[in-house]
Amino acid sequence: MRGAARRGRTRLPALLGAVVATLGLLAGCSGAGALGSAEGVETVTVAIVSNPQMEDAISLAPQFEAENPGIRLRFVSLSENEARAKITASVATGGGEFDIVMVSNYETPQWAQNGWLTDLEPFMAATPGYDRADFIPTVRDSLSYEGRMYSVPFYGESSFLMYRKDIFEQAGIQMPAQPTWQQVAEYAARLDKGPGQQRGICLRGKPGWGEVMAPLDTVINTFGGRWFDPQWRAQLTSPEVRQAVQFYVDLVRQHGQPGASQSGFSECATQFGQGQVAMWYDATSAAGTVEDPAESTVAGRIGYAPAPVVATPASGWLYTWSLGIPQTSPRKDAAWQFMAWMTNRDYIQRAGNDPEIGWTSVPPGSRQSTYQIPQYQQVANAYAPLILDGLQRANPQQPTVQPVPYQGVQFVRIPEFQDLGTRVSQQVSAAIAGQITVDEALEQSQNYAETVGESYQR
């Protein structure tokens, strides 16, 4: 994979051309905190994704400012798709708008090799009690380049199956310890009460490489499919991929939520949390939302099972939202002070003990020590072990049955995947909407993938 990443770097001008068009949007960003710096005070600008856990961090940030009077924070809070575009545009072009950026394990190793991110090892070593070794090993490794971390995790997630225990009990269905996708389809059919009533399952169908492609890629993997073979020949029309995508499309069209082709994580969270579907396969980070009585009408009635499988022993994804410092930031020390505050053990305690946040909503999947906290174990005992197990079992080096030349479970870690994954997702969403067939979607997707693959064969 390192060789692939090195070859990918030679196409940096193409990546810059794709993202520079969005850079002008940055002028319209707004955020909380001071807009200017008083004498002796540094203003640190943080680009952050507007997910619930990040919003919690923003709500706690005044405590950091009170403890660090020489630093003021300015947050630029963005939706996931918007954040990807704007952060990539700024960092790739050296725009310097941000001192801290929220990135993932997709971007971090690539950007580190490109020299866009700051090596965080010296900062961690100089911070007493920060404990780099406490990070979950697979998460830590996914944020490293040549053994050195270039971003630090705020939360990590795998994927699992959530289901209504009460509905399953009423139907006389016992969820297996390790369900298969065929069993899940059978349950969805049995529990589906038809249009306008309870549906069997919610699955993402919204276009986006981080939307529908995230769960679908895990299905492709466990069916034995892959994006490319070791010679970078595209495989999106292989029998395994065809079977996996046809299965996914049929399942969501026949027994999924209404408007599935435009449903993403947020829409499924609402559908499941309001009792409108019997099952939901998605990110493990969803547990904090669906178990929150303020957000969910089904809290306390949810069961959890590992990501369903077919031909692989496990199929959960590996993803982490993390914080990095662009090389262009002139405020690296101040930026690290806030990053260390937001990603250390003390923050977990602070969030868990906060009456507005609580232990169900602390950021999971970053530190091993979180799973040893008695208060967290008490409220999260139904799902916490599955989160930790899913993260530990994820295998980005070999996500499917056959060898692959790339890394990544729910993505292909090459620069082109942002565009390739989005294009393929649009074809899949069109198939879910009934506008084209799965075969038509995959034929077009294969054309896109062949173009990318050919550039790695040279």
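Residues numbered from 1 in each chain as written. Predicted model: local features only at pLDDT ≥ 70, side-chain atom pairs only at ≥ 80, totals over all residues. Heavy atoms only, no water.

Our next topic: the state of the cysteines. Evaluated as defined, the whole model comprises one disulfide. Bridging C202 to C268, the disulfide has an S-S length of 2.3 Å. One quick way to see it: the torsion about the S-S bond of C202 and C268 is about -85 degrees, and its sign makes the bridge left-handed. A residue pair is termed long-range when its members are at least 10 positions apart, and C202 in the loop between α9 (181-191) and α10 (213-222) and C268 in helix α12 (residues 265-273) qualify at 66 residues. For C202, a relative accessible area of 0% puts it in the buried group. (Disulfide = S-S within 2.5 Å. Helix = DSSP H or I, 4+ residues; strand = E, 2+ residues; numbered from the N terminus. Buried < 20%, exposed > 50% of the residue type's maximum accessible area, 1.4 Å probe, protein only.)

Turning our attention to the nonpolar core. By size, the foremost hydrophobic cluster in this structure holds 148 residues, and its most contacted members are W181, W227, M279, W336 and Y376. For W181, the contacting residues outside a window of four places in its chain are I201, L203, V219, T222, F223, F247, L251, Y281, P308, V309 and V310. (Core = buried A, V, L, I, M, F, W, Y, C linked by side-chain atoms within 4.5 Å. Contact = heavy atoms within 4.5 Å.)

Next up on the list: the packing of helix α3 (residues 52-67) against helix α14 (residues 332-343). Working note: a packed helix pair is described by the angle between its axes plus the distance between those axes. Between α3 and α14, the least distance of the axes is 11 Å, while the angle of their chain directions is 125 degrees. In terms of their interaxial angle, α3 and α14 are classed as oblique. The handedness of the crossing between α3 and α14 comes out as right-handed. For the pair α3 and α14, contact is made by A57, L60, A61, Q63, F64 and E67 and by Q337, F338, W341 and M342, respectively. (Axes fitted to C-alpha atoms, helices over the stretch in contact; angles between N-to-C directions. Parallel < 35°, antiparallel > 145°, perpendicular 65-115°, else oblique. Left-handed = near helix turned anticlockwise from the far one by under 90°.)

Applying the stated criterion across every chain yields a total of 20 salt bridges. A salt bridge links R84 to E107; its shortest N-O distance comes to 3.4 Å. Here R84 is found in helix α4 (residues 80-92), whereas its partner E107 is found in helix α5 (residues 107-113), with 23 residues between them in sequence. Neither residue differs from the other here; R84 and E107 are each classed as buried. As a salt-bridge pair, R345 and D134 come within 3.4 Å of each other at their nearest N and O atoms. Of this pair, R345 sits in helix α15 (residues 345-353) while D134 sits in the loop between α6 (121-125) and α7 (137-142); the two residues are 211 residues apart in sequence, bridging distant segments of the chain. It is possible to trace a salt-bridge network through shared partners that takes in D131, D134, R345 and R367. (Salt bridge = Lys/Arg side-chain N within 4 Å of Asp/Glu carboxyl O.)

This part is about helix α11 (residues 239-255). For α11, spanning 17 residues, the distance from its first C-alpha to its last is 24 Å, which sits close to the expected 24 Å at 1.5 Å a residue. Of the residues making up α11, those classed as buried are V241, A244, V245, F247, Y248, V249, L251, V252 and H255. Lining the buried residues of α11 we find α9, α10, α18 (417-432) and α19 (438-457). (Expected span 1.5 Å × (residues − 1).)

Moving on, we get to helix α17 (residues 384-393). Residues of α17 that are buried: A384, L386, I387, L388, G390 and L391. On its buried face, α17 sits against α7, β6 (152-157), β7 (159-164), β9 (302-306) and α16 (374-380).

Under the definition given, this model contains 32 aromatic pairs. Judged by centre distance (4.9 Å) and plane angle (55 degrees), the ring pair of Y163 and F168 falls under tilted. There is no split in this pair, since Y163 and F168 are both buried. Here F265 and W280 contribute two aromatic rings whose centre-to-centre distance is 5.5 Å and whose plane-to-plane angle is 50 degrees, an arrangement assigned as tilted. Residue F265 is located in helix α12, and its partner W280 is located in strand β8 (residues 279-283); the two are separated by 15 residues in the primary sequence. Connected via pairs of aromatic rings, a cluster forms that spans F64, F75, F154, Y155, F338, W341 and Y347. Note that R367 overlies the ring of F135, its terminal NZ or CZ placed 4.4 Å from the centroid. Its guanidinium or amino end placed over the ring of Y448, R423 lies 5.2 Å from that ring's centre, counting from NZ or CZ. (Phe/Tyr/Trp six-rings, centres within 6.5 Å; stacked < 30°, edge-to-face > 60°. Lys NZ or Arg CZ within 6 Å of the ring centre and 35° of its normal.)

What follows deals with the environment of G434. Residue placement: G434 occurs in the loop between α18 and α19. When the C-alpha atoms of G434 and V249 are compared, they prove to be 9.4 Å apart, with 185 residues separating the residues in sequence.

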